[in-house]
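Residue strings, one per chain:
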Amino acid sequence: MKRRRVLLCVLAAALPLAAQRPAAKENARAQRGLNSKLVDELVLANHILAANGVLDAYGHVSVRDDRNPNHFLLARHMAAGLVTPDDIIEYDFDSNAVGVDASTGYTERFIHGGIYKARPDVMSVVHFHAPEVIPFGVTSVPLQPVFHMAGFLGEGVPIFDIRKAAGETDMLIRNVALGQALAASLASKPAVLLRGHGAVVVAPALHVVAGRAYYMTANARLQAQAIQLGAGKVTYLDPEEARKSAAQDGFERAWALWKQTVMAK
Ligand SMILES: [Zn+2]
C-alpha cells in the first residue's frame, strides 16, 4: 500500500508541469466563479500593453465583470507583463476585493472602481505612467490629435490635479474619494491626464481601451516632436476630422496583431 502511494507520487511528479497546470487553473477560476474567457482576455490585455511600452512595472488594466456590472476584474499588485489568470481579482465599486485579501490589490485600484461607478458606458479602464504623456499634464499645452489614429483625443483631455482634490499628497489615487474625484474630472471623456503622474483611458471594450492607450501614448510622442520641429506651429486634426477618424477605428486589427505577437512569445 505504502509502495503504491509512493509510486503514484513519483508518477505525478514526472508529468510535465504544463500538463498539470491548465486543469488546476481552470478549476481555481471555476471555483471563484469567474468567466475564464474574460479573464484570459484581461491577461492578454496586460501582456499587450506591457509589450508595447504603455505599462511598465507600474500601471494596470481592468474590465467590467460580465456576470455582474457592479463589479470589475483587475490583477493583484504586480507588473502587468507578469500577470497570469490566477492573479485576477474581482472587486466591487468601492474597490473592495471579493473573496480574497484586499491587501494583495493595487494601491490605485480606486481609479477603476470610481470610474465604473460613474460611467455605466465604460467596460474597460487603463491607468498608465508612460513618460510621453507626462509633459501634457504639467504644461499649458493641451494634448490634441496630430494623426487619425488618435482622433478620440479630439473630445478633449482634461487634467486632474490631485492638489485641488486633496491638498499635498503622494500623488496616488489611494481611496474611494480620490477615485470619485478623478472620475468627475474625466466626466464623459475617453481620457484624462493626472498632473505629475500619468493618464487614464476608458473604452467600451478591452481591445478598444488597449488601442486608445497605445495611440494616446504615440500621439503624445508625435505631438511633442511636431511642436519642436514646427517651432510651436502644428496643424492638428480639426474637431470634425477628429470625430470622423475616431468613429472609424475600433482597433480590432491592432488587437489581432498584438494578440498573435504576444502569444507567439
Ligand atoms: Zn499611478
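Residues numbered from 1 in each chain as written. Predicted model: local features only at pLDDT ≥ 70, side-chain atom pairs only at ≥ 80, totals over all residues. Heavy atoms only, no water.

Q: I'd like a rundown of the packing of aromatic side chains, residues and numbers included.
A: Tallied over the entire structure, the rule returns 6 aromatic pairs. On the numbers, 5.3 Å between centres and 20° between planes, the contact of Phe72 with Tyr91 is stacked. Linking Phe72 in strand β2 (residues 71-75) with Tyr91 in strand β3 (residues 88-92), this pair joins segments that are 19 residues apart in sequence. Across the pair, Tyr91 and Phe72 agree in class, each one buried. (Phe/Tyr/Trp six-rings, centres within 6.5 Å; stacked < 30°, edge-to-face > 60°. Helix = DSSP H or I, 4+ residues; strand = E, 2+ residues; numbered from the N terminus. Buried < 20%, exposed > 50% of the residue type's maximum accessible area, 1.4 Å probe, protein only.)

Q: Let's hear about the coordination of the zinc ion: which residues, and what values?
A: Under perfect tetrahedral coordination by four donors, a metal shows angles of 109.5 degrees; under perfect octahedral coordination by six donors, it shows angles of 90 or 180 degrees. Those protein atoms acting as donors to the zinc ion are Glu108 (OE), His127 (NE2), His129 (NE2) and His197 (NE2), and they sit at 2.0 to 2.1 Å. With 4 donor atoms in place around the zinc ion and angles of 92 to 141° between them, the coordination shape is irregular. With a relative accessible area of 0%, His127 lands in the buried category. Looking at His129, the relative accessible area reads 22%, which means it is partly exposed. (Donors = N, O, S within 2.8 Å, 3.2 Å for Na, K, Ca; no water. Tetrahedral: all angles 85-135°; square planar, octahedral: opposite > 155°, others 65-115°.)

Q: Describe empty space enclosed by the protein, listing the residues and the values that go with them.
A: Counted under the stated rule, the structure contains 1 cavity of 30 Å³ or more. Approximately 40 Å³ is the volume found for the largest cavity. The wall of the largest cavity is formed by Phe93, Asp94, Phe110, Gly113, Gly114, Lys117, Val176 and Gln180. Listing elements by their share of the lining of the largest cavity, those giving two or more residues are α4 (110-118) and α7 (176-186). Here the lining of the largest cavity takes 4 residues from α4, the largest share from any one element. Grouping the amino acids of the lining of the largest cavity by side-chain chemistry returns 3 nonpolar, 3 polar and 2 charged. (1 Å grid on protein atoms, 1.4 Å probe; cavity = no way out; pocket = protein on both sides within 12 Å on 5 of 7 lines; lining within 4 Å. Points joined across faces, edges and corners; volume = space filled by probe spheres on them. Nonpolar A, V, L, I, M, F, W, Y, C, P; charged D, E, K, R; others polar.)

Q: Outline the pairing of strand β4 (residues 124-128), listing residues and values.
A: It is a general feature of regular strands that their side chains alternate between the two faces of the sheet. Burial analysis of β4 places 5 of its 5 residues in the buried class, which makes it a mostly covered element. The two faces of β4 match: Ser124, Val126 and Phe128 on one face and Val125 and His127 on the other face are all buried. The pairing of strand β1 (residues 60-64) with β4 spans 4 bridges and is classified as antiparallel. Within β4, the position partnered with His60 by the bridge is His127. Summarising the sheet, β4 and strand β7 (residues 198-203) pair through 5 bridges and their orientation is antiparallel. Its bridge partner lying in β7, Phe128 is registered against Ala199. (Pairing = 2+ DSSP bridges.)

In short, geometric facts, not functional conclusions.
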